[in-house]
Amino acid sequence: MKKAIVAPSVLAADFSCFTDAVHEAERAGAEWVHFDVMDGSFVPNLTFGPKVIADLRRCTSIVFDVHLMVMHPETFIERFVQAGADNITFHWEATVHTHQLLSTIRTFGKKAGISIVPSTPAGVLEAVLPDLDMVLVMTVDPGYGGQALIPACLDKVTQLVKMREARHLDFLIAVDGGVYDENIGTIRNAGTDVLITGSAFYKAQDKQYLVRTWEQAYPQLR
Ligand code: DX5
Ligand code: ZN
């Protein structure tokens, strides 16, 4: 089993200092930075759009992992590609055309992900698993950081690991929401590859230590 990818989510950072937030992730040794784009419609909160990503792109070469928590994500793909996103994840619940959208993202040479909210079962993704690079399992109801992880959502991670093995695929499985030191072992044991972290990372005194220990929280053999 490979080491985990740690992706600090700037949602938990000071929005007046985005550059610092990205540099903090970079200095801590994180491989990705996670951006939660919220539209006030798919989720009851608003964050930022492609200009923020484009401006930050000039300051760093770290992987930009963009999580579109918006209705009609097809409207925005090209703008986030041009802004410099590396990975683009949209919600299964927000569009009918998941297959087409995955293919559009990949045609632009970007990694394509689909996310599911806690009430959506993993099985809905069966048809498109060969067409995606990542499944992002939301482990809190999306919209806000600082919530507690819903343990039942981790069953979907285990299920996705089995679906991936059965079909000899190699997509990554990410967990987003309520990831903390206390549950990192359980999350990794379920089979999670990517650990998205807002509050835990930006509140951590020693961010480098957090990234190093989380990357190496190897799962027990199942
Ligand atoms: C939740 C967001 C998450 C959030 C995670 O709507 O998608 O990326 O930043 O934050 P924490 O780690 O605080 O739960
Ligand atoms: Zn997110």
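That block above? That's the structure.
Residues numbered from 1 in each chain as written. Chains lettered and ligands numbered in written order. Predicted model: local features only at pLDDT ≥ 70, side-chain atom pairs only at ≥ 80, totals over all residues. Heavy atoms only, no water.

Draft legend 1. Local environment of the sheet that holds strand β5 (residues 111-116). What the 8 strands build is an open sheet, ordered β1-β8-β7-β6-β5-β4-β3-β2; its pairing is parallel. Pairing within the sheet leaves two strands with one partner each, and these edge strands are β1 (5-8) and β2 (32-38). Each strand of the sheet is rotated relative to its neighbour by a mean of 20°, with strand direction disregarded. Running at roughly 175° to strand β3 (residues 63-69), helix α2 (residues 50-57) makes contact with β2 and β3 of the sheet. (Pairing = 2+ DSSP bridges. Helix = DSSP H or I, 4+ residues; strand = E, 2+ residues; numbered from the N terminus. Axes fitted to C-alpha atoms, helices over the stretch in contact; angles between N-to-C directions. Contact = heavy atoms within 4.5 Å.)

Draft legend 2. Region of interest: the site of ligand 1. Among the 20 residues in the neighbourhood of ligand 1, the closest are listed as Asp-36, Gly-146, Asp-176, Gly-198 and Ser-199. Backbone polar atom of Gly-198 to an oxygen atom of ligand 1: 2.8 Å apart, as the coordinates give it. Protein coverage of the free-state accessible area of ligand 1, which is 390 Å², stands at 100%. Put simply, the parts of the chain that give the shell around ligand 1 at least two residues each are β2, β3 and β8 (194-197). Tallying contributions element by element places β2 first for the shell around ligand 1, with 3 residues. Per-class residue counts for the shell around ligand 1 are 7 nonpolar, 11 polar and 2 charged. (Near = heavy atom within 4 Å. Polar contact = N/O pair within 3.5 Å; in protein donor to acceptor, adjacent residues only side chain to side chain. Areas by Shrake-Rupley, 256 points an atom, 1.4 Å probe, with all protein chains shown as cover. Nonpolar A, V, L, I, M, F, W, Y, C, P; charged D, E, K, R; others polar.)

Draft legend 3. The arrangement of the pairing of strand β7 (residues 172-176) in detail. In terms of residue burial, β7 counts as a mostly covered element, since 4 of its 5 residues are buried. Bridging between strand β6 (residues 134-138) and β7 involves 5 bridges; their strand directions are parallel. Bridged to Val-137 within β7 is Val-175. Since β6 and β7 lie parallel, the crossover through helix α5 (residues 154-166) that links them has a hand, and here it is right-handed. Summarising the sheet, β7 and β8 pair through 3 bridges and their orientation is parallel. Each residue of the ladder has a partner; that of Asp-176, found in β8, is Ile-196. (Buried < 20%, exposed > 50% of the residue type's maximum accessible area, 1.4 Å probe, protein only. Right-handed = clockwise from strand over helix to strand, strands pointing away.)

Draft legend 4. Here's a closer look at the coordination of the zinc ion (ligand 2). Those protein atoms acting as donors to the zinc ion (ligand 2) are His-34 (NE2), Asp-36 (OD), His-67 (ND1) and Asp-176 (OD), and they sit at 2.0 to 2.3 Å. One can describe the site at the zinc ion (ligand 2) as irregular: its 6 donor atoms subtend angles covering 62 to 164° at the metal. Each donor residue of the zinc ion (ligand 2) belongs to the same chain, and together they define the spacing H-x1-D-x30-H-x108-D. One end of the pair, Asp-36, is in strand β2; the other, His-67, is in strand β3, and 31 residues separate them in sequence. For Asp-36, a relative accessible area of 4% translates into the label buried. Given a relative accessible area of 0%, His-67 falls into the buried group. (Donors = N, O, S within 2.8 Å, 3.2 Å for Na, K, Ca; no water. Tetrahedral: all angles 85-135°; square planar, octahedral: opposite > 155°, others 65-115°.)

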